[in-house]
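Observations on chain architecture
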Amino acid sequence: MDDLMLLTETATVEIALDPVRAAILDALTEPGSATTVAAAIGSTRQKVNYHLKALEAHGLVVPAETRAWGGITERFVRRAARHLVVSPDVLQGAGIDPEQISDRLSADYLVAVNARTVAELGDVLRSAGEQRVPTLTVDTVVGFRSAHDRSAFAAELQAAVATVVARYHHDDGRPHRLTVTSYPRPSTKESA
């Protein structure tokens with residue numbers, strides 16, 4: 001099972017959001033058959049089988065195995081991915097353009113940049129097929145003592161990134177987008 005599946009087609013999103021089909025996907029933490037899933041969600045095998053066929057047709061579930069009991073063969077499927085993410089292009093038709101947001105220090109701008117990242121990665125993944133896509137992700141938490149420290153950190157990080165980019169950028173090279181973001185981390189039980 002893949003960790004993540006990016007949904008880029010409206011029909012697939014509609015299939016995944018249907019309440020019965022969403023319940024079926026939730027029940028498939030382990031491979032299941034129409035019979036086992038029906039028992040888990042309190043439905044009939046026939047109804048679940050109908051919905052499993054729709055989920056499979058859109059790539060949300062995939063065949064896992066078949067088991068024979070007496071003269072009956074039971075077909076098991078599994079989720080295609082643990083997590084589903086909807087590309088912003090599906091909801092809006094055209095991606096969010098961060099350049100249309102004037103306040104570069106706003107949450108709106110940060111969301112627009114990250115939405116563009118999801119949409120662009122969807123395009124890259126579709127064209128890559130089975131090939132691995134080279135990416136880099138840096139994810140950490142920094143605790144600033146003051147707004148002054150946060151501002152100084154931002155200035156120093158911008159200078160460091162500019163230096164590294166200047167060293168490795170080549171106009172005739174294959175372009176990669178680099179995004180560095182920072183936002184207040186939400187309170188969690190662990191950090192409270």
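Predicted, not measured: the structure shown is a model, and the values here were computed from it.

1. A look at the sheet that holds strand S2 (residues 32-33)
- What the three strands build is an open sheet, ordered S2-S4-S3; its pairing is antiparallel. Each having just a single partner strand, S2 and strand S3 (61-69) make up the two edges of the open sheet.
- With two bridges connecting them, S2 and strand S4 (residues 72-79) associate as antiparallel partners. Of the residues in S4, the one forming a bridge with Gly 32 is Val 77.

2. Comments concerning the environment of Pro 31
- Residue position: Pro 31 is located in the loop between helix H2 (19-27) and S2.
- Pro 31 sits in the partly exposed class, given a relative accessible area of 35%.
- Each C-alpha atom, one on Pro 31 and one on Ile 72, is 18 Å from the other, the two residues being 41 residues apart in sequence.
- Not counting chain neighbours up to four residues away, the residues in contact with Pro 31 comprise Ala 64, Phe 76, Val 77 and Arg 78.

3. Thoughts on the pairing of S3
- One ladder, built from eight bridges, connects S3 with S4; its direction is antiparallel. Looking at S4, one finds that Trp 69 is bridged to Ile 72.
- Hairpin connection of S3 to S4: two residues between the antiparallel strands, including Gly 70 at a positive phi of 60°.

4. Quick look at a nonpolar patch on the surface
- Residues Val 142, Phe 153, Leu 157, Val 165, Leu 178 and Val 180 make up a contiguous nonpolar surface patch of roughly 480 Å² in combined accessible area.
- Along the chain, the position of Phe 153 falls in helix H7 (residues 147-168).

5. Some thoughts on the packing of H2 against helix H3 (residues 34-41)
- At their nearest, the axes of H2 and H3 sit 10 Å apart, and the two run at 105° to each other. It follows from the interaxial angle that H2 and H3 lie roughly perpendicular. In contact with Ala 23, Ile 24 and Ala 27 of H2, H3 contributes Val 37, Ala 40 and Ile 41.

6. What about the environment of Ala 23?
- With respect to the helices, strands and loops of the structure, Ala 23 is situated in helix H2.
- Note: C-alpha distance between Ala 23 and Ala 40 (17 residues apart in sequence) is 9.2 Å.

7. Observations concerning the side chain of Arg 79
- In this fold, Arg 79 is placed in strand S4.
- In this structure, Arg 79 is buried with no salt-bridge partner, the nearest side chain bearing the opposite charge being Asp 26 at 4.1 Å.
- Looking at Arg 79, its side chain comes within polar contact range of the main-chain oxygen of Leu 25, at 2.9 Å.
- Within the structure, Arg 79 has its side chain in polar contact with the backbone oxygen of Arg 82 (distance 3.0 Å).

Reading the values: the criteria
- Residues numbered from 1 in each chain as written.
- Predicted model: local features only at pLDDT ≥ 70, side-chain atom pairs only at ≥ 80, totals over all residues.
- Heavy atoms only, no water.
- Pairing = 2+ DSSP bridges.
- Helix = DSSP H or I, 4+ residues; strand = E, 2+ residues; numbered from the N terminus.
- Buried < 20%, exposed > 50% of the residue type's maximum accessible area, 1.4 Å probe, protein only.
- Contact = heavy atoms within 4.5 Å.
- Patch = residues over 30% accessible without salt bridge, like charges linked within 9 Å, V, L, I, M, F, W, Y side chains within 5 Å.
- Areas by Shrake-Rupley, 256 points an atom, 1.4 Å probe, with all protein chains shown as cover.
- Salt bridge = Lys/Arg side-chain N within 4 Å of Asp/Glu carboxyl O.
- Axes fitted to C-alpha atoms, helices over the stretch in contact; angles between N-to-C directions.
- Parallel < 35°, antiparallel > 145°, perpendicular 65-115°, else oblique.
- Lys, Arg positive; Asp, Glu negative; His and termini not counted.
- Polar contact = N/O pair within 3.5 Å; in protein donor to acceptor, adjacent residues only side chain to side chain.

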